[in-house]
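For reference, the chains in residue letters:
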Amino acid sequence: MSSGMRGHDNHTAAAWLFLAPSLTAIAVFFVIPVLSALVMSFTDFDIYAVGNLNVVRFMGFRNYIRIFETPLFWKALKNTFYFVLVGGPLSVAVSLGTALMVNSKLARFKPFYRTVYFLPVVTSLVAVAVVWRYLYHPAHGLLNLALSFFGVAPIDWLGNPDIAMPAIVVLAVWKNFGYNMLIFIAGLQNIPEDLYEAAHIDGAGGWRQFVDITIPMLAPTTVFVVMITVIGYFQLFAEPYIMTEGGPMNATMSVVLMMYEQGFRWWNMGFAAAIAFVLFAVILIFSILQLIIQRRLQQ
Amino acid sequence: MVRQLIPEFERMNPGIHVIVQQIPWTAAHEKLLTAVAGESTPDVCQIGNTWVPEFAVLNSLEPLDPFVGRSHDFHREDFFDGVLKMNVIDSTLYGIPWYVDTRVIYYRRDLLREAGYSEPPRTWEGVLKLSDVMRRNANAKGIQRYPFFLPTNEWVPAIVLGMQSGGHFLKDNNTHGNFSGPQFRTAFELLAKFYHKEYSPSGMQLITNLYDSFSDGLISMYITGPWNIGEFSRRIPPRLQNEWMTAPLPSMDSISPGISLPLGTSLIVFRQSRRKEAAWKLVEFLASREQSIAFYRITGNLPPRRSAWEDTSLARNKYIQAFFKQLQRVDPLPQIAEWEQVVIKLQLYVEYIATNTLSVDEALRKFDSEVDQMLEKRRWLAERDRKP
């Protein structure tokens, strides 16, 4: 009995030992910065404080109250929700669609298409955004050139407040769908073939098979994909940062971009940290809601 | 570009080796602030002269008065006054002007001639009249023309007009916004006139390419800086090369030219540098009359020293004469760390009045309350310093 206990202790010690390096890394690069940011969000740490630490003030919840009093925050939140609610489903749909196509028995050159669709994912977002800015150029862009063949007048994709956000959604979907596509392909390949055979024998057509086998069997994958996509999309930053700087008239200002500007452009670190935690709360609430809805659906 | 000047410096100063690191201008500000926070600053650096107050608040700049006092080459009178003032905070000199970037008018001579003018009028009153004539001529011909382009995504025109109407952007020792005060209101009302009478487009959608719009005659006058001399020479088609010119800014009073901005860059020495003597030598070298002329020849950047302008390569360029006249009348901007944040926010309000989203009164009242919020820390610091 006692030796058994000791053996258990040894195992625990060994486990801790093996975990130590990654736990240390997580503590140093994640836990400590997050906790410092939390503390910072209750202060007015700013450019004056970088020069002289004595001028930091404890603000209580005043940063948080100020966020909700700032019209720009609501605008940024609205833009971010637009991006998540339009871009998210679109991205998942496109990923699922391409996954079905690439996985289809009729498809040829599968590895080729998989690679082509995955390529944007591994390309640097900055490079992609710069290239897309050329594509979107109102006077010399390829997109307007293509549209001109159909008689469409030039569109100022990134300069028009109503169109800039959809333009960024299109870029983001194109950039990201390949990753989710791969996950969907993995999910599709996990569906036992005999289910389809049985359905086929019972006389179910392609659409019935898709609705009654593919979709239910893909449910766990879909939950994962939707969750990851939504969390990622809430953190929209690099696309507007590089392409529009949040403009025109703040039409593409996202919460993270606002946080970045407050923090690294104006050096209002306390206020920026508070924005980060508000965004964290939003994502958390959204994720919990999503889980609840999905549980309900499964029952 | 500066690399070309370095071998000469290293030849003159054996024992000093200079490593030049380039960073894109748009990223420089953030990168340098981060470097200061991370204590990994270079010895010498080029910074925008509007950044000086911020870096001074960070306590990261070496005061240069002692070095200047010992220098044989450095005479304060030789520098354009307003430009040098941008580098002085609480009577301490933190930067040496390297090149200046004041703003003047670029205009189409042929289009002004059509309206009966040989050059832009000397007062804004006159510019409004000219714009009216040009606008009516264009309307009569049924074409779309905007005489004076004032971009809604630039703060410079609004601030220039504000300075000309008396400045006073801030009050109470720079702790409150004063944009709704009578001076700036005059400026903003004049600016609004240009948009509301359609002398300037009230958005950016129409002007996708400045040079094309200028060549097409869609716009005839535009306020911008010296870098556009090169751009205009390259991008305006040959048939129009004789038809563009520069002129100093119109004025709101009887003195010509009207006040403009002493923007530009400065050379600074970071306080954390462990080689300050060598660093100063490099600053002194780059800011010398000879090197600023050499730098002008390579890049077209305008020297901040009067004596450099006597050089034939500058005297011969017809486009930069307007800049020389303009530099005689430039006034420094308020030197607060929050200034950049203030003017970036101002652009949004220029957009609001241009599109008639807000009236001038509403816009300025709202803008002032936003500025007050940005300056909250300054008020607190001032309050604290006042107490014993």
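Residues numbered from 1 in each chain as written. Chains lettered and ligands numbered in written order. Predicted model: local features only at pLDDT ≥ 70, side-chain atom pairs only at ≥ 80, totals over all residues.

Quick look at the interface of chain B and chain A
Often the size quoted for an interface is simply the accessible area lost on bringing the parts together.
Link 1 in the chain: The interface is formed by 16 residues belonging to chain B together with 19 residues belonging to chain A.
Link 2 in the chain: Elements with a minimum of two residues in the side of chain B that touches chain A: α2 (25-37), α3 (52-57), α16 (339-354) and α18 (376-386) of chain B.
Link 3 in the chain: Ranked by the residues each element gives to the side of chain B that touches chain A, the list is headed by α2 of chain B, at three residues.
Link 4 in the chain: In the side of chain B that touches chain A, the residues fall into seven nonpolar, five polar and four charged. (Contact = placed C-beta atoms within 7 Å. Helix = DSSP H or I, 4+ residues; strand = E, 2+ residues; numbered from the N terminus. Nonpolar A, V, L, I, M, F, W, Y, C, P; charged D, E, K, R; others polar.)

Remarks on the pairing of strand β5 (residues 104-108) of chain B
Residues and elements named next belong to chain B.
Link 1 in the chain: Of all five residues in β5, five are buried, a share of seventy percent or more.
Link 2 in the chain: Here β5 runs beside strand β9 (residues 219-224); their pairing, made up of four bridges, is antiparallel. In the strand pairing of β9, Tyr107 is matched with Met221.
Link 3 in the chain: Two elements, β5 and strand β10 (residues 244-247), share four bridges in a ladder whose sense is antiparallel. Paired with Arg108 across the strands is Trp244, a residue of β10. (Buried ≥ 20, exposed ≤ 12 C-beta atoms within 10 Å, placed from the backbone. Pairing = 2+ DSSP bridges.)

Details of the sheet that holds β10 of chain B
All names here are of chain B.
Link 1 in the chain: Pairing is mixed across the open sheet formed by four strands, whose spatial order is β6-β9-β5-β10. With one partner strand each, in any of the chains shown, β6 (146-149) and β10 form the two edges of the open sheet. Adjacent strand axes in the sheet meet at a mean angle of 15 degrees when their direction is disregarded. (Axes fitted to C-alpha atoms, helices over the stretch in contact; angles between N-to-C directions.)

Here we look at the nonpolar core
Buried together is how nonpolar side chains tend to be arranged in soluble globular proteins.
Link 1 in the chain: Core analysis: the largest hydrophobic core is formed by 165 residues, its most contacted members being Ile275 of chain A together with Leu191 and Val283 of chain B.
Link 2 in the chain: Broken down by element, the residue count for this core peaks at 12 residues, all from helix α8 (residues 164-189) of chain A.
Link 3 in the chain: Mapping this core onto the domain boundaries places at least three of its residues in each of domain 1 (2-101 + 261-316) and domain 2 (103-260 + 331-388) of chain B.
Link 4 in the chain: Beyond its immediate chain neighbours, meaning those up to four positions away, Val283 of chain B contacts Val44, Ile96, Leu267 and Val269 of chain B. (Core = buried A, V, L, I, M, F, W, Y, C linked by C-beta atoms within 7 Å. Domains from an automatic or database assignment.)

A look at the packing of helix α10 (residues 206-234) of chain A against helix α13 (residues 269-298) of chain A
Residues and elements named next belong to chain A.
Link 1 in the chain: Between α10 and α13, the shortest axis-to-axis distance is 10 Å and the interhelical angle comes to 160 degrees. The angle between α10 and α13 falls in the class roughly antiparallel. As for how α10 packs across α13, the hand of that crossing is right-handed. Residues Val223, Val226, Met227, Val230, Ile231 and Phe234 of α10 pack against Leu279, Val282, Ile283, Phe286, Ser287, Gln290 and Gln294 of α13.
Link 2 in the chain: Split into classes, the residues belonging to the contact of α10 with α13 amount to 10 nonpolar, three polar and no charged. (Parallel < 35°, antiparallel > 145°, perpendicular 65-115°, else oblique. Left-handed = near helix turned anticlockwise from the far one by under 90°.)

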